[in-house]
Amino acid sequence: MNMTAIAIVALVCWAIVELVNGPRGKSKDKKAAAQVNQTNDLEREVAAMRDRIETLEKIVTDEKYDLNRQFDDLKKDKVA
């Protein structure tokens, strides 16, 4: 065999391998990108929930909230 034939066989083999394995690699990249996007969405959602929890904690620990709750409890006891 001469060098030209060896080069042609090598190129054909490489092309076959790329055709067989090419789509698999691309679908993995798409899955990885989708997973990164999902992770980013979850991180944003967790951050938003933390903000909401902080707000609720401020409301619940506020003295006026506790006082209003005690008034409501007294109203319920008075009716019963």
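See above for the structure.
Because the structure is a prediction, the values reported are computed rather than measured.

Participant: Looking at this structure, I do not really get a nonpolar patch on the surface. What am I missing?
Facilitator: On the surface, Ile 8, Val 12, Ile 16 and Val 20 cluster together into a nonpolar patch covering about 350 Å² of accessible area. The residue Ile 16 is located in helix H1 (residues 3-61) in this model. Note on Ile 16: relative accessible area 47%, which makes it partly exposed.

Participant: When you look at the pattern of salt bridges in this model, what are you seeing that I'm missing?
Facilitator: Close approach of charged atoms lets side chains of opposite charge pair. Applying the stated criterion across every chain, the model contains two salt bridges. Here Asp 41 ties to Arg 44 by a salt bridge, and the two come within 3.1 Å at their closest N and O atoms. Of this pair, Asp 41 and Arg 44 both sit in helix H1, separated by three residues, roughly a single helical turn. Look at Asp 41 and you get partly exposed, because its relative accessible area is 41%. Residue classification places Arg 44 among the exposed residues on the basis of a relative accessible area of 55%. With a shortest N-O distance of 3.7 Å, Arg 69 and Asp 73 are connected by a salt bridge. Of this pair, Arg 69 and Asp 73 both sit in helix H2 (residues 63-79), four residues apart, roughly one helical turn. Judged by relative accessible area, Arg 69 falls into the partly exposed class, the value being 40%.

About the cut-offs
- Residues numbered from 1 in each chain as written.
- Predicted model: local features only at pLDDT ≥ 70, side-chain atom pairs only at ≥ 80, totals over all residues.
- Heavy atoms only, no water.
- Patch = residues over 30% accessible without salt bridge, like charges linked within 9 Å, V, L, I, M, F, W, Y side chains within 5 Å.
- Areas by Shrake-Rupley, 256 points an atom, 1.4 Å probe, with all protein chains shown as cover.
- Salt bridge = Lys/Arg side-chain N within 4 Å of Asp/Glu carboxyl O.
- Helix = DSSP H or I, 4+ residues; strand = E, 2+ residues; numbered from the N terminus.
- Buried < 20%, exposed > 50% of the residue type's maximum accessible area, 1.4 Å probe, protein only.

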